[in-house]
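Tertiary structure, described
One-letter residues, chain by chain:
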Number of protein chains: 4
Amino acid sequence: MATTPNPDRRNERARRAILDAALELCSTQTYAGLTMEGIAKSAGVGKQTIYRWWPSKAAILLEAITERADQSLDFPDTGDLLADLRGQMYELVRLFTDPMFGAYGRGLIVAAQTDPAISAALLDTLIRPRVQLCIERLAKAQQAGEIRADVDLAVVVELLYAPLYYRMLLHTAPVSSEQVDSVISLVMSGIRP
Amino acid sequence: MATTPNPDRRNERARRAILDAALELCSTQTYAGLTMEGIAKSAGVGKQTIYRWWPSKAAILLEAITERADQSLDFPDTGDLLADLRGQMYELVRLFTDPMFGAYGRGLIVAAQTDPAISAALLDTLIRPRVQLCIERLAKAQQAGEIRADVDLAVVVELLYAPLYYRMLLHTAPVSSEQVDSVISLVMSGIRP
Amino acid sequence: MATTPNPDRRNERARRAILDAALELCSTQTYAGLTMEGIAKSAGVGKQTIYRWWPSKAAILLEAITERADQSLDFPDTGDLLADLRGQMYELVRLFTDPMFGAYGRGLIVAAQTDPAISAALLDTLIRPRVQLCIERLAKAQQAGEIRADVDLAVVVELLYAPLYYRMLLHTAPVSSEQVDSVISLVMSGIRP
Amino acid sequence: MATTPNPDRRNERARRAILDAALELCSTQTYAGLTMEGIAKSAGVGKQTIYRWWPSKAAILLEAITERADQSLDFPDTGDLLADLRGQMYELVRLFTDPMFGAYGRGLIVAAQTDPAISAALLDTLIRPRVQLCIERLAKAQQAGEIRADVDLAVVVELLYAPLYYRMLLHTAPVSSEQVDSVISLVMSGIRP
DNA sequence: GTTTAAACGAGACGGTACGTCTCGTCTTCCC
DNA sequence: GGGAAGACGAGACGTACCGTCTCGTTTAAAC
């Protein structure tokens, strides 16, 4: 890429300070109230240093979050499909109801509406890998005959997860484990042989 | 309310010009690029006149949109549930793929993440009435025995519509009538007696 | 004049309230802080009523002041020129050092720098009549042989009064009766036969 | 001082543009019509850059003017007191009748009525140094026996110059060299031995 | 071990938009 | 039709950030 200078000479301390400051500030204020100027000041860093390495505040947040999220990338397979789904979806409920998430999670999705680069990064690093893992778990179940062979698993994943995003973003109702149970129950009815 | 001055003395011409300018500008630029200053100038109106009656640009857009949307509030009942659902959902697909919607539709949802007033208005005037109509149509079908009696229809509505919002907001895949067909098919399998 | 509507139908009560409010406010705030809006509110009068009858706040003040000043227009002639001059000039010192005058007096002179109408009115109603009276008193003294015949009395008046205005407007030193005495003394030395 | 940021990093080009634009605009419009916004636009400068270095438009004007005025600070001593006085006062007449001066000179005096800082600066940088020079010239004449020993020279300076300010600010009559001659003539009569 | 080039902190710069304020005009309703 | 009330178009106010652009000052690789 031509946008960034020599990454070898990069100062890791500055990078850390910026990412930390971004998350730190996000927990205090709203995403809209997060400014490059604020990050620079609170990180003890020149603005130019930020602009040198990131194109936007969303990009900073994204990097900060993926860094923290990359750890737990796995979808359990206990043999009990319902329990596995429920466990993963409960996890998402926990995330969506975390007040901290309200700041940067929503902020990232908001930024993705405008900035295709953020949108792509969000998909590639956070969403799709997890969707893929879920599909794979469903595929095993399908091969085991727990799901009809003609069912499009990509659609199933959407049916399972979309209602959580729907409530989270539109505020029609609080995201909850009850919702997860209802959704799983109905979807399973539709895909069982 | 204390926020607004005497509404009797309000100048309707200014109100119209502001709402029209807001929509007009939205079709040109992005939602973020829509400014109070721009609306004022393009409407030939003082900024104070805008701030007098609306607290934010999102509020303006919301009023402009609801005004145009209020007309067609009905959910057909042809007796054919699948066809009725498909028709309504195709309509939403058409809306979500309208380039104009990209500007203000997404903008409103974005604004709703931050501003509870916008969120509430969005729900009350646009989302919930339509959800309600859909539930009522499903209730008729349920009474006709086309849907199992134990099915929670509110969850069904979410299962049907959430995947469209999911794709629209996360850009995981293009919203399309094919998606609608898949979703309806799977959901119907799950709720049929 | 074409600027004003039919003066016969004018409401005297409103006129009084406006003039009084203008002076009243001037004693509180600075001239720059005196606004049409403030006068209207404090007079319990519509802004239009002010604009109907006066072109500017300076015009209001001017009318208010001349009204009060018109009473005492006379220059005493006790036979003692020095005493007469001193008396009149002490009076001006008293005016210039009145804190109230700081508000409207300076304000009017300031306004006169910009607005020729104010300047003309200021001269015609306040300055020139008094200058004329002073010249007449001096003329009597000249005829009595107390002042050389070749002296231009208009210049003498300026020599007497200008130093007071000079200090008042430039703040080089406080206006005072000592200054008056010095000035009179020197000027008299110059014009005595 | 705490008001201004690091002056070392200051952009001289911006400073020049702002000072020039201020004078330029003053000669076009009235002082009251001079706005920070106008200066910024016409100087091709951000408003913040102005506010960073000057607290008010008067401060800008003052700096602009003193810069231009500092050059010629001397009072000639040809041995001929009358000629020297006349020369200096003619110079002031020339200044007061310069149409350009009407804009910013009056503007400064107007500003000094409201803003003590401007008043002080005006006195310290423009008025008093010149008054002092005049007093010194008069003192020499006094020691040479051309002026009575008991005459307060400070009062003489006021007698000489005040009438020019008087006419300039009150518009009672045009400032002119004839006025200067009359004034000098009368004052000299009063102070000669 | 010095040179040297780039990344760094700091922050001034030209801008845009903000939300508030006041101006002088226009409109509405009351007496 | 004059007057009280106040909404209106206009635009300046001073502030907050934007993203770019110098400035010295580290600082780490190349000599």
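Placed above this text is the structure.
Criteria and thresholds
- Residues numbered from 1 in each chain as written.
- Chains lettered and ligands numbered in written order.
- Predicted model: local features only at pLDDT ≥ 70, side-chain atom pairs only at ≥ 80, totals over all residues.
- Heavy atoms only, no water.
- Core = buried A, V, L, I, M, F, W, Y, C linked by side-chain atoms within 4.5 Å.
- Buried < 20%, exposed > 50% of the residue type's maximum accessible area, 1.4 Å probe, protein only.
- Contact = heavy atoms within 4.5 Å.
- Buried area = accessible area lost by both parts, 1.4 Å probe.
- Salt bridge = Lys/Arg side-chain N within 4 Å of Asp/Glu carboxyl O.
- Polar contact = N/O pair within 3.5 Å; in protein donor to acceptor, adjacent residues only side chain to side chain.
- Helix = DSSP H or I, 4+ residues; strand = E, 2+ residues; numbered from the N terminus.
- Axes fitted to C-alpha atoms, helices over the stretch in contact; angles between N-to-C directions.
- Parallel < 35°, antiparallel > 145°, perpendicular 65-115°, else oblique.
- Nonpolar A, V, L, I, M, F, W, Y, C, P; charged D, E, K, R; others polar.
- Near = heavy atom within 4 Å.
- Least-squares fit on C-alpha atoms with pLDDT ≥ 70 in both.
- Phe/Tyr/Trp six-rings, centres within 6.5 Å; stacked < 30°, edge-to-face > 60°.

Some words on the nonpolar core
Grouped together as the largest cluster of nonpolar side chains are 147 residues, with contacts concentrated most on Y161 and Y165 of chain C together with Y161 of chain D. Excluding residues that lie within four positions of it along the chain, Y161 of chain D makes contacts with F75, Q88, M89, L92 and C134 of chain D.

Quick notes on the interface of chain C and chain D
Interfaces are often sized by the amount of accessible area the parts lose when they come together. On the chain D side, the residues contacting the 35 residues of chain C number 35 residues. Of the roughly 3100 Å² buried between chain C and chain D on both sides combined, carbon and sulfur atoms contribute 70%. The interface formed by chain C and chain D includes 2 salt bridges. Measuring nitrogen to oxygen at the nearest pair gives 2.6 Å for the salt bridge that ties E158 of chain C to R167 of chain D. Here chain C and chain D share 10 residue pairs in polar contact (both at pLDDT 80 or more) between them. Contributing elements (two or more residues each) for the side of chain C that touches chain D: α6 (99–114), α7 (116–143), α8 (153–170) and α9 (177–191) of chain C. If you tally residues by element for the side of chain C that touches chain D, the top one is α8 of chain C, at 12 residues.

Focus on the packing of helix α9 (residues 177–191) of chain A against helix α9 (residues 177–191) of chain B
The interhelical angle for the contact between α9 of chain A and α9 of chain B, taken along N-to-C directions, is 95 degrees, at an axis separation of 7 Å. As judged from the angle between their axes, α9 of chain A and α9 of chain B are roughly perpendicular. Note on element contacts: α9 of chain B touches α9 of chain A through L186, S189, G190 and I191 of chain B, opposite L186, S189, G190 and I191 of chain A. Taken together, the residues of the contact of α9 of chain A with α9 of chain B sort by class into 4 nonpolar, 4 polar and no charged.

So, the interface of chain A and chain B
If you look at the interface, chain A gives 35 residues, while chain B gives 35 residues. When the buried area of chain A at its contact with chain B is split by residue, Q113, Y166 and L186 of chain A rank highest and sum to 22% of it. Inspection of the chain A/chain B interface yields 2 salt bridges. Counting across the interface, chain A meets chain B through 10 residue pairs in polar contact (both at pLDDT 80 or more). Sorting the residues of the side of chain A that touches chain B by element identifies α6 (99–114), α7 (116–143), α8 (153–170) and α9 of chain A as the ones contributing at least two each.

Quick notes on the protein's contact with DNA strand E
With respect to spatial proximity, 35 residues lie near DNA strand E, and among them K47, Q48 and Y51 of chain B together with Q48 and Y51 of chain C are the closest. With respect to DNA strand E, the side chain of K47 of chain B contributes an N or O atom lying 2.7 Å from a base oxygen. Q48 of chain B places a side-chain nitrogen or oxygen 2.6 Å from a base nitrogen of DNA strand E. Contributions of two or more residues to the surface near DNA strand E are made by α3 (47–53) of chain A, α2 (36–43) and α3 (47–53) of chain B, α2 (36–43) and α3 (47–53) of chain C together with α3 (47–53) of chain D.

What to know about the relation of the copies chain C and chain D
The operation relating chain C to chain D is a screw motion whose rotation component is 179 degrees, with 0.0 Å of axial translation and a residual RMSD of 0.5 Å. Overall, the copies show the geometry of a two-fold rotation axis. When C-alpha positions in chain C are compared against the rotation axis, the closest is assigned to G190 of chain C, at 1.8 Å. Same-surface contact between copies: 97% of interface residues of chain C are shared with the interface of chain D.

Some remarks on the packing of aromatic side chains
Applying the stated criterion to the full structure yields 14 aromatic pairs over all chains. Between F96 of chain A and F101 of chain A the ring centres are 5.2 Å apart and the planes differ by 35 degrees, which places this aromatic pair in the tilted class. You can call F96 of chain A buried: its relative accessible area is 7%. Ring centres of Y166 of chain A and Y165 of chain B lie 5.4 Å apart, and the angle between their planes is 70 degrees; this geometry places the pair in the edge-to-face category. Placement of the pair is Y166 of chain A in helix α8 and Y165 of chain B in helix α8 (residues 153–170), with the two residues belonging to separate chains.

In short, the description is geometric, and any link to function would need to be established separately.
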